[in-house]
Amino acid sequence: MQRQVALIKQSLLDQGYLDEQFMELEELQDDANPNFVEEVATLYFKDSARLINNIDQALERGSFDFNRLDNYMHQFKGSSTSIGASKVKTECTMFREYCRAGNAEGCLRTFKQLKKEHATLRKKLEQYFQLARQAGPKETARRPK
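No experiment lies behind these values; they were computed from the predicted model shown. (Residues numbered from 1 in each chain as written. Predicted model: local features only at pLDDT ≥ 70, side-chain atom pairs only at ≥ 80, totals over all residues. Heavy atoms only, no water.)

1. Describing the pattern of salt bridges
In step 1: A full pass over the atoms with the stated rule returns 7 salt bridges.
In step 2: In this structure, Asp47 engages Arg50 in a salt bridge whose closest nitrogen and oxygen atoms are separated by 2.6 Å. Pair noted here: Asp47 and Arg50 are both in helix α3 (residues 36-60), with a separation of 3 residues, about one helical turn.
In step 3: For Asp47, a relative accessible area of 27% corresponds to the partly exposed category.
In step 4: The partly exposed category is assigned to Arg50, whose relative accessible area is 40%.
In step 5: For Arg96, the salt bridge identified is with Asp70, shortest N-O distance 2.7 Å. Taken as a pair, Arg96 in helix α5 (residues 86-101) and Asp70 in helix α4 (residues 66-83) lie far apart in primary sequence, 26 residues in all. The same class applies to Arg96 and to Asp70, which are both buried. (Salt bridge = Lys/Arg side-chain N within 4 Å of Asp/Glu carboxyl O. Helix = DSSP H or I, 4+ residues; strand = E, 2+ residues; numbered from the N terminus. Buried < 20%, exposed > 50% of the residue type's maximum accessible area, 1.4 Å probe, protein only.)

Structure below.
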């Protein structure tokens, strides 16, 4: 089962959903905190849901406050970068570029894609963490005493 977990993670990396930052987070996980990465991801999705809601509300008003939208997206990009959410981070960057250009249509189009990438990542990580929990902790090599 550990092999399946490794294959899913490699697939997420190969498909560009995750980057090396996710791997670095996993290196911080240990016996004292075996669910560290899952907890970080849970916090990320909770915070990003709040940001998505804020951006949705700002976009629904129709009068685009590009500075406010850019600030929300700056936060979103930072948290996406911290967990290695590569595709989401890319969409955040594009959205911010459209904000700086004052391009409302670009913002709307990119935000739609960002929400799609975010939902896909959430689903894929939920599957990954579920399988990882079933597989149990990884065997680690220990030095003989």
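Picking up after the structure, the text goes on.
2. Describing the UniProt feature "modified residue: Phosphohistidine" (unreviewed entry) in the protein
In step 1: UniProt records the feature "modified residue: Phosphohistidine" (unreviewed entry) for His74 in the present numbering.
In step 2: Structurally, the position occupied by His74 is in helix α4.
In step 3: For His74, a relative accessible area of 47% translates into the label partly exposed. (UniProt positions renumbered as here; feature names shortened; annotations may be inferred.)

3. As for the side chain of Lys9
In step 1: When you line up the elements, Lys9 lands in helix α1 (residues 2-14).
In step 2: According to the relative accessible area criterion, Lys9 is buried, its value standing at 12%.

4. What to know about the packing of aromatic side chains
In step 1: Counted under the stated rule, the structure contains 6 aromatic pairs.
In step 2: Taken together, a centroid distance of 6.0 Å and an interplanar angle of 65° make the contact between Phe22 and Tyr128 edge-to-face. One end of the pair, Phe22, is in helix α2 (residues 20-28); the other, Tyr128, is in helix α6 (residues 104-135), and 106 residues separate them in sequence. In this pair, the class of Phe22 matches that of Tyr128, namely buried.
In step 3: Measuring from ring centre to ring centre gives 4.9 Å for Tyr44 and Phe45, while their planes differ by 70°; the resulting arrangement is edge-to-face. (Phe/Tyr/Trp six-rings, centres within 6.5 Å; stacked < 30°, edge-to-face > 60°.)

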